[in-house]
Amino acid sequence: MSSVTAQKTNILDGARFVRLQFVDGANIVRYRIFPVTSFRAVLAKKHPRVNIAKATLGVAFLHLAEGFSASGEYYLVPDVSTLRTLPYKPGHVSCMGSLEEKGRIKTEVDICPRTVLKKTVTRAREQGVEFQVGFEIEFILLSSTSPVVPVHKFEHYTSSLALPAGSVAETVLEEIVESLQESGIEVIMYHPEAAPGQYEIVTGPLPPLEAADALVHSRETIYGIASKHGLRATLAPNVHDESAGSGAHVHISLHSTNPTSSSTRSNDALTDLEASFISGLVNEFPALMALTLPLPTSYARVADGVWSGGTYICWGIDNREVPIRLCNAWPGEEASRNIEVKMVDATANPYISLAGIITAGIEGVRNGDAKSFTMKPCMDVSAVEKGEKGRAELGIREDQKIPSSWEEACTRLKESEVFRRAFGSEMIDKYLALNKTMVKALDGPTDKEEKRSLLVQMY
C-alpha cells in the first residue's frame, strides 16, 4: 500500500459508514452504503470491487433507456484517493467509484463517466496540454418544493439583505462552506445570486478528474446541509419564470508542456494555445451543448442580456454576455488567467460535460488552429447588440448561433465526428438514449407547477 493510499484510508478510522458512489449519465448520484468493516473487507481484496447491475447506469425513474439491458453486472471499483469525510453527517465517509467489466479485471467500461473523463485527460496530455478546473456552484434554497417556494422572495444579487444575521440561509451557507473546507475542498468565496433564494459558492482549481469528484461532493454537501435545516437545495437551471436561472460555469486554465505555445498573440491577447483551444470550442459548441445543457429546461436559461452567454457562439474578455469568456487576461493577473464556459448547468454530468469541453478544445489544438482562428473578442455588449455589421467585423458568422433547443443540440451531437471519434459511438448513442428517457420522465406531469416541482426534486 502506497503512503498516499495509507493516508487516505486513515480517513476510515473512526468512521461507521462509507458511501461508495458514482454518477450516471443523467447526473444522478447513485451509491451503496457499507458499514466501515464491510468496506475495509472490500479494500482487502486482491482486486477491490463490488457488483452493480448494468441497468443502474441507464435507468431514469425506473424506465430503462434504449440500448441498456436489465441483465448483466459491472464491477464498481472504489478509488480510495477520493475518500472524504462528511462533516455534516458524523461517522459517514464518501468514496467515488469507476465501472469495470465484470469478469475482466481492470477492463474499463467506455460509457462510465469517470472513465470518459480520464481518457479525455490522457488524450489532452498526449497533445502537451494539462488543465486546472474550478466551478461556480449556483443553487436555490427552497422552503417548499410543492409548491416551489424560495427562502426569500427578493432578488438580492451580492446584497447583504439575502443573508441577514441569524437567518436559516446564513446558517446553511456557513455550514456548507465549513463542511467543504473540513473535507478538503478549497472554497474561494460565496455570495447571494440574482434570483430569489439563490446563492453561489466558488471552489478552487483542481485537475479535471479531481475537480469533477470535488464538485459531486460539494453538491451532495449542499443538499445534505439544506435538508438538515428543513430546506431543499435545488441546482435546477430554470426555477423561476421571471428571474435568473442557475448555471454551473466552468473555469479552465490551460498549461502547455511546450513553452512556445504560451506566447501571446499581439492582435487579441490570446496565447497560441488559447486561440487553438477556443477555436475548437467554437467549432464544436453546437454539439457540445447536448453534453453541457442536456435537458429542454436548460435552454430556457439561454438568452441575451441575462449573463448566461447570449445567443451567438463567440468569445470575449471579461464579458459576461459571451458563452466563452477569457478571464483575468490583463497584465499582472496571469496566475488566475482562465477560460470560462458559461453554458453548463447542474443537470449535466460533470465528468461528461468536462470531457466534452476538453475534447472540443483539444481538437483545435490538434489541428493547430491558432493561425487560422481570426474571430476577434466581443467586448462590452452581447453579440446580438453588435448588430449584423458589428458581428461581421468581429468574424462572428450569422449561422454561428447557439442551438435554440435540446432537440437541435442532440442532433448536432449525433452528427459530430469529433465526439464520436473521441468517445465512441456506443457512448454517444447510449448517452442520448438515457437523455431522451430522462426528458420524457420529467415531462410526465401535465401541470406546469407539478413539472417544476419534479425538476427541483431531481436536481
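Scroll up a little and you will see the structure.
Given the structure is predicted, the values throughout are model-derived calculations rather than measurements. (Residues numbered from 1 in each chain as written. Predicted model: local features only at pLDDT ≥ 70, side-chain atom pairs only at ≥ 80, totals over all residues. Heavy atoms only, no water.)

### Comments concerning the overall build of the chain
Part 1 of the reasoning: Looking only at helices and strands, one finds 12 helices and 17 strands in the chain.
Part 2 of the reasoning: In terms of overall size, the chain behaves like a compact globule, its C-alpha atoms giving a radius of gyration of 22 Å where 459 residues would be expected to give roughly 23 Å.
Part 3 of the reasoning: Considering only C-alpha atoms, the chain reaches an extent of 65 × 50 × 45 Å along its principal axes.
Part 4 of the reasoning: When burial is assessed residue by residue, the chain has 57% of its 459 residues classed as buried.
Part 5 of the reasoning: Across the chain, contacts joining residues at least 24 apart in sequence account for 70% of those joining residues at least 6 apart.
Part 6 of the reasoning: Carbon and sulfur atoms make up 51% of the accessible area of the chain, which totals about 19,200 Å². (Helix = DSSP H or I, 4+ residues; strand = E, 2+ residues; numbered from the N terminus. Rg over C-alpha atoms; globule rule 2.2 N^0.38 Å. Buried < 20%, exposed > 50% of the residue type's maximum accessible area, 1.4 Å probe, protein only. Contact = heavy atoms within 4.5 Å. Areas by Shrake-Rupley, 256 points an atom, 1.4 Å probe, with all protein chains shown as cover.)

### Some points on empty space enclosed by the protein
Part 1 of the reasoning: In total, this model carries 2 cavities of 30 Å³ or more according to the counting rule given.
Part 2 of the reasoning: Around the largest cavity, the lining residues are Gly25, Leu57, Phe68, Ile111, Pro113, Ile352, Met427, Lys430, Tyr431 and Leu434.
Part 3 of the reasoning: Counting residues per element, the lining of the largest cavity draws most heavily on helix H11 (residues 425–442), at 4 residues.
Part 4 of the reasoning: Split into classes, the residues belonging to the lining of the largest cavity amount to 8 nonpolar, 1 polar and 1 charged.
Part 5 of the reasoning: Looking at the second largest cavity, its volume works out to about 40 Å³.
Part 6 of the reasoning: Around the second largest cavity, the lining residues are Phe135, Leu215, Arg219, Ala248, Val250, Val344, Asp345, Ala348, Pro350 and Ser353.
Part 7 of the reasoning: Put simply, the parts of the chain that give the lining of the second largest cavity at least two residues each are helix H5 (208–228) and helix H7 (350–366).
Part 8 of the reasoning: Here the lining of the second largest cavity is built from residues that sort into 7 nonpolar, 1 polar and 2 charged. (1 Å grid on protein atoms, 1.4 Å probe; cavity = no way out; pocket = protein on both sides within 12 Å on 5 of 7 lines; lining within 4 Å. Points joined across faces, edges and corners; volume = space filled by probe spheres on them. Nonpolar A, V, L, I, M, F, W, Y, C, P; charged D, E, K, R; others polar.)

### Points about the pattern of salt bridges
Part 1 of the reasoning: One pass over the full model with this rule turns up 21 salt bridges.
Part 2 of the reasoning: The shortest N-O distance in the salt bridge between Asp24 and Arg30 comes to 2.9 Å.
Part 3 of the reasoning: Exposure remark for Asp24: the relative accessible area of 0% places this residue in the buried category.
Part 4 of the reasoning: When salt bridges that share partners are traced, they join Asp318, Arg325, Glu340 and Lys342 into one network. (Salt bridge = Lys/Arg side-chain N within 4 Å of Asp/Glu carboxyl O.)

### Details of the packing of helix H4 (residues 168–182) against H5
Part 1 of the reasoning: Interaxial distance between H4 and H5 falls to 9 Å at its minimum, and their mutual angle equals 140 degrees. Taken together, H4 and H5 sit at an angle that is classed as oblique. The two elements H4 and H5 meet at a crossing, and its hand is right-handed. Between H4, through Val172, Glu175, Ile176, Ser179 and Leu180, and H5, the contact on the second element is made entirely by His217, Ser218, Thr221, Ile222, Ile225, Ala226 and Lys228.
Part 2 of the reasoning: Here the residues of the contact of H4 with H5 sort into 6 nonpolar, 4 polar and 2 charged. (Axes fitted to C-alpha atoms, helices over the stretch in contact; angles between N-to-C directions. Parallel < 35°, antiparallel > 145°, perpendicular 65-115°, else oblique. Left-handed = near helix turned anticlockwise from the far one by under 90°.)

### Quick notes on H5
Part 1 of the reasoning: Taking 1.5 Å of rise per residue, the 21 residues of H5 would be expected to cover 30 Å, and the 30 Å separating its terminal C-alpha atoms lies within 8% of that figure.
Part 2 of the reasoning: Across the 21 residues that make up H5, a large majority, 17, are buried.
Part 3 of the reasoning: A positive backbone phi angle near 75 degrees is found at Gly230, which sits one or two residues after H5. (Expected span 1.5 Å × (residues − 1).)

### Let's talk about the packing of helix H6 (residues 272–292) against helix H9 (residues 406–415)
Part 1 of the reasoning: Direction vectors running N to C along H6 and H9 enclose 110 degrees, while the axes themselves pass 7 Å from each other. On the basis of their axis angle, the class for H6 and H9 is roughly perpendicular. Seen from above, H6 lies across H9 with left-handed handedness. From H6, Pro286, Ala287, Met289, Ala290 and Leu291 reach across to H9, where they touch Ala409, Cys410, Arg412 and Leu413.
Part 2 of the reasoning: In terms of residue class, the contact of H6 with H9 is made up of 8 nonpolar, no polar and 1 charged.

### Quick notes on the side chain of Gln21
Part 1 of the reasoning: Locating Gln21 in the fold gives a position in strand S1 (residues 17–23).
Part 2 of the reasoning: Residue contacts for Gln21: discarding those within four places in its chain leaves Val29, Arg30, Tyr31, Ser94, Cys95, Met96, Gly97 and Val216.

### Here's the deal with the packing of aromatic side chains
Part 1 of the reasoning: Considering all chains together, one arrives at 4 aromatic pairs under this definition.
Part 2 of the reasoning: Geometrically, the ring pair formed by Phe419 and Phe423 is tilted, given 5.7 Å between the ring centres and 40 degrees between the ring planes. With Phe419 and Phe423 both in helix H10 (residues 417–423) and 4 residues apart, this pair spans about one turn of that helix. Each member of the pair, Phe419 as well as Phe423, carries the same accessibility label: buried.
Part 3 of the reasoning: The ring of Phe68 has Lys430 sitting right over it, with the charged end atom 5.1 Å from the ring centre. (Phe/Tyr/Trp six-rings, centres within 6.5 Å; stacked < 30°, edge-to-face > 60°. Lys NZ or Arg CZ within 6 Å of the ring centre and 35° of its normal.)

### Some details on the side chain of Asp24
Part 1 of the reasoning: Along the polypeptide, Asp24 turns up in the loop between S1 and strand S2 (29–35).
Part 2 of the reasoning: At a separation of 2.9 Å, a polar atom in the side chain of Asp24 contacts the main-chain amide nitrogen of Ile28.
Part 3 of the reasoning: One polar contact links Asp24 to Arg30, side chain to side chain, over a distance of 2.9 Å.
Part 4 of the reasoning: Leave out the neighbours within four places in its chain, and Asp24 touches Arg30, Thr56, Leu57, Val59, Pro113 and Asn349. (Polar contact = N/O pair within 3.5 Å; in protein donor to acceptor, adjacent residues only side chain to side chain.)

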